[in-house]
Amino acid sequence: MQTADNLILPAGSLAARAKLHLKHWAPPRPARAVVMLIHGYAEHLGRYEHVAARLTAAGYAVYALDHWGHGTSDGVPGFVPAFSVYLDGVAALLARVRADHPLAPRFLLGHSMGGLIAASFLLRHQQEFVGAVLSGPAITAAEPPSAATLLLARILSTLAPRVGVIQLDATQVSR
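No experiment lies behind these values; they were computed from the predicted model shown.

**A look at the packing of aromatic side chains**
Working definition: an aromatic ring pair is given by the centre-to-centre distance plus the angle between the planes.
Okay, so step 1: Going through the model one piece at a time under the given rule, you end up with 4 aromatic pairs.
Okay, so step 2: Judged by centre distance (5.8 Å) and plane angle (85°), the ring pair of Phe83 and Tyr86 falls under edge-to-face.

This is how it looks when you write it as structure tokens:
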């Protein structure tokens, strides 16, 4: 069984009162644990329906959200006012999971940029989880950017913060 809903980011967030699309998949019997699924850049929670189906078949409840600017959530695609907005979304998701399953063990599953978000969230909230899986976390670049690239990025982030500097073909991100 699956249900869809929205989370509202709290007043302290840079994206306060923004709506984040949430989906919850429930197993056919009481959940043995809860998996919080954190998707990557240029993705949305719908790309993980097959993962949720496998996990619920194994007895896990699954919760996922579309990050700010992704999927059907509020926000400008490809732009986020600060990385902390992603962390605020995960905190709101955790609050929902705690309310729905107060005694269930929790796992955090993050892919690509979602792995970076999950790792960052774990730095302050690791006591909330019994385990985490980081799939291809975008923690470091394969090659560091050149000094010219960094300078151009700094200038663009000041003068035109909503101009995209990277493009990803979502069909090539995962399979």
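**Thoughts on the environment of Ala15**
Okay, so step 1: Structurally, Ala15 can be placed in the loop between strand 1 (2-8) and strand 2 (19-25).
Okay, so step 2: Taking the C-alpha atoms as reference, Ala15 lies 31 Å from Tyr60; in sequence the two are 45 residues apart.
Okay, so step 3: Every residue in contact with Ala15, bar those within four places of it in the chain, is listed here: Leu9, Trp68 and Val85.

**Some points on the sheet that holds strand 2**
Okay, so step 1: Spatial ordering of the open sheet is given by 1-2-4-3-5-6, a layout of 6 strands whose pairing is mixed. Whereas interior strands pair on both sides, the edge strands pair on one side only; in this sheet they are strand 1 and strand 6 (131-135). Averaged over all pairs of adjacent strands, the angle between strand axes in this sheet comes to 20°, irrespective of strand direction.
Okay, so step 2: Where strand 1 meets strand 2, 7 bridges bridge the pair, whose relative direction is antiparallel. The partner of Ala4 across the bridge, within strand 2, is Lys23.
Okay, so step 3: Strands in contact with helix 1 (residues 49-57) are strand 1, strand 2, strand 3 (33-38), strand 4 (60-65) and strand 5 (106-111); relative to strand 4, the strand with the most contacts, it is inclined by about 160°.

**Topic: the pairing of strand 3**
Okay, so step 1: Counted residue by residue, strand 3 has 6 buried out of 6 residues, so it is predominantly covered.
Okay, so step 2: Neither face of strand 3 is exposed, since Ala33, Val35 and Leu37 on one face and Val34, Met36 and Ile38 on the opposite face are all buried.
Okay, so step 3: Of the pairings in the sheet, the one linking strand 3 to strand 4 comprises 5 bridges and is parallel in character. Directly across from Ala33, in strand 4, lies its bridge partner Tyr60.
Okay, so step 4: In terms of strand pairing, strand 3 meets strand 5 through 5 bridges, oriented parallel. Bridged to Val34 within strand 5 is Arg106.

How each quantity is defined
- Residues numbered from 1 in each chain as written.
- Predicted model: local features only at pLDDT ≥ 70, side-chain atom pairs only at ≥ 80, totals over all residues.
- Heavy atoms only, no water.
- Phe/Tyr/Trp six-rings, centres within 6.5 Å; stacked < 30°, edge-to-face > 60°.
- Helix = DSSP H or I, 4+ residues; strand = E, 2+ residues; numbered from the N terminus.
- Contact = heavy atoms within 4.5 Å.
- Pairing = 2+ DSSP bridges.
- Axes fitted to C-alpha atoms, helices over the stretch in contact; angles between N-to-C directions.
- Buried < 20%, exposed > 50% of the residue type's maximum accessible area, 1.4 Å probe, protein only.

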